[in-house]
Amino acid sequence: SVEDGKLVNRKGETVVLRGVNLGGWLIQESWMCPVNGEDRQWANLDSIAALQNRGFTEAQIQELFDTYQDNWITEYDLDLIAETGANVVRVAFWYRNFMTSASGTWITENPDENPGFLRLDWVIEECKERGMYVILDMHGCPGGQSKDHCCGTLGKNELYTNTVYQEAMKSLWAAIAERYKDEPAVAAYDVMNEPQNNAGYDGPNNWDPYNDPTSWEL
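Residues numbered from 1 in each chain as written. Predicted model: local features only at pLDDT ≥ 70, side-chain atom pairs only at ≥ 80, totals over all residues. Heavy atoms only, no water.

1. As for the overall build of the protein
Working step 1: When its secondary structure is counted, the protein shows five helices and six strands.
Working step 2: In terms of C-alpha radius of gyration, the protein reaches 18 Å, essentially the compact-globule figure of 17 Å for 218 residues.
Working step 3: Along the first, second and third principal axes, the C-alpha set of the protein runs to 50 × 45 × 30 Å.
Working step 4: Looking at the 218 residues of the protein, the share that counts as buried comes to 41%.
Working step 5: Of all intrachain contacts in the protein linking residues separated by at least 6 positions in sequence, the fraction that spans at least 24 positions is 68%.
Working step 6: Surface exposure of the protein reaches about 11700 Å², of which carbon and sulfur atoms provide 50%.
Working step 7: Considering the protein, the positive charge centre built from 16 side chains and the negative charge centre built from 35 side chains are found 3 Å apart. (Helix = DSSP H or I, 4+ residues; strand = E, 2+ residues; numbered from the N terminus. Rg over C-alpha atoms; globule rule 2.2 N^0.38 Å. Buried < 20%, exposed > 50% of the residue type's maximum accessible area, 1.4 Å probe, protein only. Contact = heavy atoms within 4.5 Å. Areas by Shrake-Rupley, 256 points an atom, 1.4 Å probe, with all protein chains shown as cover. Lys, Arg positive; Asp, Glu negative; His and termini not counted. Charge placed at Lys NZ, Arg CZ, Asp CG, Glu CD.)

Pasting the structure below:
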């Protein structure tokens, strides 16, 4: 919890978080992942589309991403992080870890079988065993919260004007909060990474975050 502007654990001790991000584990950004897409001209959704265009089934695509995620971050990596003295990792994820579309269709409605929750369960438990906290960071929202590829969807920024996408995000965060509300290893929630990160892009929905919102043409 927060007391007088400081993080306090359940023992009443002040906690100072020192840690790292787990990078492109659950959502790929081209500049830090082993992909051929050029930076800012490719997003994680493009990887999925490329596999679909090549005839891969949804089950096969899931298997490929499972293989990648099983090996990109392992217990060994968490050991190395803990050995540096870090006490927190920030886990970037996106809605497609849990859902098959931005409209909110779950990969499976059973959270105990949903691959997104299984990944978060694993990293939370592994970090807890090493005395580390976890920050859960929604890096990619349904429809995209910016036009940048870091949200997994390139050049869209449609979350703010699409109520279907908004309901999908609401459902996902409600499910995450319900699952981890009593988990002491979860230090914080990053509800939305870099909203309106539109620098360098143009076209529809390219709103400047520094402008008065009343000036936006929706």
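2. Here's the deal with the pattern of salt bridges
Working step 1: By the definition in use, this model includes twelve salt bridges.
Working step 2: For R90, the salt bridge goes to D190, with nearest N and O atoms at 2.8 Å. Taken together, the residues R90 in strand β4 (residues 88-94) and D190 in strand β6 (residues 186-190) connect sequence positions 100 residues apart.
Working step 3: One salt bridge in this structure joins K128 and E125, with 3.8 Å as the shortest N-O distance. Note that K128 and E125 are positioned in helix α4 (residues 115-129) at a spacing of three residues, about one turn of the helix.
Working step 4: Looking at K128, the relative accessible area reads 35%, which means it is partly exposed.
Working step 5: When salt bridges with common partners are traced through the structure, they connect D66, D70 and R119 into a single cluster. (Salt bridge = Lys/Arg side-chain N within 4 Å of Asp/Glu carboxyl O.)

3. Some points on the packing of helix α1 (residues 44-53) against helix α2 (residues 58-72)
Working step 1: Packing of α1 against α2 leaves a shortest axis separation of 10 Å and a crossing angle of 135°. As the angle between them shows, α1 and α2 are arranged oblique. The way α1 lies across α2 gives a crossing that is right-handed. Listed contacts from α2 to N44, S47, I48, L51 and Q52 of α1 are E58, I61, L64 and F65.
Working step 2: Class assignment of the residues belonging to the contact of α1 with α2 gives a composition of five nonpolar, three polar and one charged. (Axes fitted to C-alpha atoms, helices over the stretch in contact; angles between N-to-C directions. Parallel < 35°, antiparallel > 145°, perpendicular 65-115°, else oblique. Left-handed = near helix turned anticlockwise from the far one by under 90°. Nonpolar A, V, L, I, M, F, W, Y, C, P; charged D, E, K, R; others polar.)

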